[in-house]
Amino acid sequence: MNIGDAAAASGVSAKMIRHYERIGLVRQSGRTPAGYRQYQARDVHLLRFVRRARDLGFPLDQIRQLLSLWEDPARASADVKRLAEAHIAELDARIAALSEMRTTLVTLARDCRGDHRPDCPILADLAAPRAD
């Protein structure tokens, strides 16, 4: 099948398929004598795997590791679980940071009168020096 068919079957855009090939996440596709990319069912299956991992928020380096484990019949499931748990910890940290941002913005929006006056606690907070 051509790249458009592979994209439709896998849910990964043709642009992203080319990108994944370019960075070596997936192997280069076979080519027709005219130079068109050709994909097999296994390629589509692999692209679906990548798509699902991306949907779950795994970064490319972890997807590379997951692919390596997936293709290794001697893998230990503990290695896969370790990657998943590390990703969960990263997600938890991001959720906590987003929750803190939301709380701050809710407070600032509540304190802003939102009328015709120029004073605005939101802008004042954004302009305040930080002790980071």
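Cut-offs used in this document
Residues numbered from 1 in each chain as written. Predicted model: local features only at pLDDT ≥ 70, side-chain atom pairs only at ≥ 80, totals over all residues. Heavy atoms only, no water. Axes fitted to C-alpha atoms, helices over the stretch in contact; angles between N-to-C directions. Helix = DSSP H or I, 4+ residues; strand = E, 2+ residues; numbered from the N terminus. Parallel < 35°, antiparallel > 145°, perpendicular 65-115°, else oblique. Left-handed = near helix turned anticlockwise from the far one by under 90°. Contact = heavy atoms within 4.5 Å. Nonpolar A, V, L, I, M, F, W, Y, C, P; charged D, E, K, R; others polar. Salt bridge = Lys/Arg side-chain N within 4 Å of Asp/Glu carboxyl O. Buried < 20%, exposed > 50% of the residue type's maximum accessible area, 1.4 Å probe, protein only. pLDDT = per-residue confidence, 0-100. Arc of directions from axis to C-beta.

Turning our attention to the packing of helix 4 (residues 60–70) against helix 5 (residues 77–111). Their axes nearest at 10 Å, the elements helix 4 and helix 5 cross at an angle of 160°. Here helix 4 lies roughly antiparallel to helix 5, going by the angle between them. As helix 4 packs across helix 5, the resulting crossing turns out to be left-handed. Within the contact between the two elements, helix 4 uses Gln62, Gln65, Leu66 and Leu69 and helix 5 uses Asp79, Val80, Leu83, Ala86, His87 and Glu90. A class-by-class count of the residues in the contact of helix 4 with helix 5 yields five nonpolar, three polar and two charged.

In this section: the pattern of salt bridges. Inspection of the entire model under this criterion finds nine salt bridges. For the salt bridge of Glu85 with Lys81, the shortest nitrogen-to-oxygen distance reads 3.9 Å. Here Glu85 pairs with Lys81, and both are found in helix 5, just four residues apart, close to one helical turn. On the basis of relative accessibility, which here comes to 51%, the residue Lys81 falls in the exposed class. One salt bridge connects Arg117 with Asp115, and the closest N-O pair in it is separated by 3.5 Å.

To continue, consider the side chain of Glu21. Within the secondary structure, Glu21 is located in helix 2 (residues 14–22). Sequence-distant contacts of Glu21, defined by excluding residues within four places in its chain, comprise Val26, Arg27, Gln28, Ser29, Arg37 and Tyr39.

In the predicted model, the protein carries a mean pLDDT of 94, and 99% of its residues have values of at least 70. Per-element confidence in the protein is highest for helix 5, whose mean pLDDT is 97, and lowest for strand 1 (residues 30–31), whose mean pLDDT is 87.

Turning next to helix 4. For the α-helix, the turn length of 3.6 residues means that residues three or four positions removed from each other point alike. Listed in full, the buried residues belonging to helix 4 are Gln62, Ile63, Leu66, Leu67 and Leu69. Each buried residue of helix 4 sits inside an arc of 160° when the element is viewed along its axis, so together they form one side. Residues of helix 4 that are buried in the fold lie against helix 3 (41–55) and helix 5.

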